Amino acid sequence: MRGMPVDLYRDILFEINNFKGSARECNLCLCTKFPEVPNLTLGSIYSLEYQRRMKRNHSRIASSADKYYDKFQEAVNRGDEPGVILRMAQSIDISPALLARMILEQHYERLAPEVAVSVSKSLISRKMKDTTLIEDRDVAYEVYLVSSCIRYTYRPMYSDCQNVFVFFQSTLNDDQYGPLADVGKHSLGQEYELKLQRIAKDLKLAFRGEEHLRLKGYDKTPDIKLDIPIAVDGFIINWIESKALFGDEEGHRGYLKDQYLSYWNRFGTGLVIYWLGFLETLDQMNEKKIIVMSDFPSNITQMDPQCIKPPQL
């Protein structure tokens, strides 16, 4: 359960940031160069780094969305081969799904006056998820090439669960951004939450889940709130949060601010499980409010009812 050494993490980031090629090619390269690191961990590190780079690039080009839409229309009118958005995205180092969304927004903003339609985020999201709703044939096909085509394979993560699906994304060209990427991440997150609950039940731990806590009026809730705390190496655990990703400093800092400190204020100290591994420096950031692990701890101490003395009459 030790964290990943900083030097190894930096080597992985160096390969990611200097690799020229697709996400699939980069992941294959990482698996070859770092065989000691699980494939899912490498994929999570790549995904996190890719998304951060895309967010930076998106803010850089968002102000020129109208210019890219004009270039797109010029290419379509010239009769260029399908894949215009993909080629444009590659030339400016932006996710094809992000560029497709910008072009779709521009398309409907320019149509809005004559079709009397309100261009909202929800409208664009619906049409990104189902390209048959896009009236323009050329725009619909270009967006389809970016954000379509998913298949899933039945494979239970652990032998006693028969209703869990793992989604394997086969997006045609962008498997890091877009609605299908979100489906895959949500599915993986659900899997590990089910795994956490299964372990807690097998250990006969009394706990309440997010839904029950929300019914009690809590706005921010961990995945599991223990009714009776447990201890790991003397550290008291009142709640457990499941994260189906690799924990690095930037992501962990954000979760501390938005989630973990709220749990600590409400429920006390707790445990965060980064199932795909974490950076060794995270332990230094927690100020004894939480502990971080990459699996459910095997050395837990449960309260012994025999140690509670009955009141003296």
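All values reported here derive from a predicted model rather than from experimental measurement.

J.: How do you make sense of the confidence of the model for the chain when you look at a structure like this?
T.: Reading predicted coordinates in detail is not appropriate for stretches of low pLDDT. Confidence along the chain averages 83 in pLDDT terms, with 83% of residues attaining 70 or more. Averaged over each element, pLDDT in the chain is lowest for strand E1 (residues 151-154) (34) and highest for strand E6 (residues 270-274) (96). This stretch, residues 149-173, has a pLDDT under 50; its non-local contacts, to residues over four places away or in other chains, come to 62 contacts.

J.: It is not clear to me how the pattern of salt bridges should be interpreted in this structure. Could you clarify?
T.: For side chains bearing opposite charge, pairing can occur when the charged atoms are close. This structure, assessed with the given rule, holds 12 salt bridges. A salt bridge links glutamate 250 to arginine 52, with the nearest nitrogen and oxygen atoms 3.7 Å apart. Pair noted here: glutamate 250 is in helix H11 (residues 249-267) and arginine 52 is in helix H3 (residues 39-61), with a separation of 198 residues, a long-range link. The residue lysine 127 makes a salt bridge to glutamate 135 at a minimum N-O spacing of 3.5 Å. Given the relative accessible area of 7%, lysine 127 is considered buried. Sharing partners across several salt bridges, the network here consists of Arg52, Asp248 and Glu250.

J.: Can you walk me through helix H7 (residues 121-129) in this structure?
T.: Working note: α-helix, 3.6 residues per turn, so residues spaced by three or four point in the same direction. Those residues of H7 that fall on the buried side of the exposure criterion are Leu123, Ile124, Lys127 and Met128. Looking down the long axis of H7, one finds its buried residues gathered within 135 degrees of arc, a one-sided arrangement. Turned more than 90 degrees off the buried face of H7, the exposed positions are Lys121 and Lys129.

J.: Please explain the packing of helix H1 (residues 6-18) against H3 as it appears in this structure.
T.: In contact at an axis separation of 10 Å, H1 and H3 are set at 60 degrees when each is read in the N-to-C sense. Between H1 and H3, the interaxial angle falls into the category oblique. Read as a crossing pair, H1 and H3 show a hand that is right-handed. Touching Tyr9, Ile12, Leu13, Ile16 and Asn17 of H1 are Leu42, Ile45, Tyr46 and Glu49, all from H3.

The rules behind these values
- Residues numbered from 1 in each chain as written.
- Predicted model: local features only at pLDDT ≥ 70, side-chain atom pairs only at ≥ 80, totals over all residues.
- Heavy atoms only, no water.
- pLDDT = per-residue confidence, 0-100.
- Helix = DSSP H or I, 4+ residues; strand = E, 2+ residues; numbered from the N terminus.
- Contact = heavy atoms within 4.5 Å.
- Salt bridge = Lys/Arg side-chain N within 4 Å of Asp/Glu carboxyl O.
- Buried < 20%, exposed > 50% of the residue type's maximum accessible area, 1.4 Å probe, protein only.
- Arc of directions from axis to C-beta.
- Axes fitted to C-alpha atoms, helices over the stretch in contact; angles between N-to-C directions.
- Parallel < 35°, antiparallel > 145°, perpendicular 65-115°, else oblique.
- Left-handed = near helix turned anticlockwise from the far one by under 90°.

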